[in-house]
Amino acid sequence: MKINITAGECLNNLLKIKYPDEIFIPFNEAMNKGKYSSKLFSSDFIKERCLTHNVSEKEYKEKLSGFLKLLENLDDYAEIFLWFGEDDFCKENQKAVIKCLHEQNFSGKIILNAVEETTGKIIDSRIF
């Protein structure tokens, strides 16, 4: 089975319309803001990021609920497609997602689709 992770809500909604039979999860984080020292998406990491974004743990987990659920069920997927733009914000987020998937020992294929965020048009694709 495969799943798609997008750069955020806007691109997520656009791609759901463009590819209605696919499952898309928005990555609602801003990894270019603040720093962290804990393992990605561990409970300590989440606490650090809550301080960075000035939100409650409940709010943080709600915004990232799809992604956090995916991490709990990685073995269900053979392929994860990432859909991110080419700006610095997206590049930091895609790096964090790829690093997290590797830290979680995801054994499937990770395909990064660099896209034009307002249209969802694929500019480049790479396999990690």
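Here, every reference points to the structure presented above.
Cut-offs used in this document
- Residues numbered from 1 in each chain as written.
- Predicted model: local features only at pLDDT ≥ 70, side-chain atom pairs only at ≥ 80, totals over all residues.
- Heavy atoms only, no water.
- Helix = DSSP H or I, 4+ residues; strand = E, 2+ residues; numbered from the N terminus.
- Expected span 1.5 Å × (residues − 1).
- Buried < 20%, exposed > 50% of the residue type's maximum accessible area, 1.4 Å probe, protein only.
- Contact = heavy atoms within 4.5 Å.
- Pairing = 2+ DSSP bridges.
- Axes fitted to C-alpha atoms, helices over the stretch in contact; angles between N-to-C directions.

Trainee: Which residues make up helix 5 (residues 88-103), and what values go with them?
Mentor: With 16 residues, helix 5 ought to run about 22 Å at 1.5 Å a step, and its terminal C-alpha atoms sit 22 Å apart, in line with that. Restricting attention to buried positions, one finds in helix 5 the residues Cys90, Asn93, Gln94, Ala96, Val97, Ile98, Cys100 and Leu101. If you follow the buried residues of helix 5, they end up packed against strand 1 (2-6), helix 4 (65-72), strand 3 (79-84) and strand 4 (109-116). Note on helix 5: the residue one or two positions beyond its end, asparagine 105, has a positive phi of about 60°.

Trainee: So, the sheet that holds strand 3: which residues are in play, and what are the values?
Mentor: The strand order across the open sheet built from five strands is 2-1-3-4-5, with neighbouring strands paired in mixed fashion. The sheet terminates laterally at strand 2 (24-26) and strand 5 (121-127), the two strands that pair on one side only. Recorded for the sheet is a direction-independent mean angle of 25° between the axes of neighbouring strands. Pairing geometry for strand 3 and strand 4, over six bridges, is parallel. From the neighbouring strand, glutamate 79 faces strand 4, where its bridge partner is lysine 109. Against the sheet, helix 1 (residues 9-18) touches strand 1, strand 2, strand 3, strand 4 and strand 5, its axis set at about 170° to strand 2.

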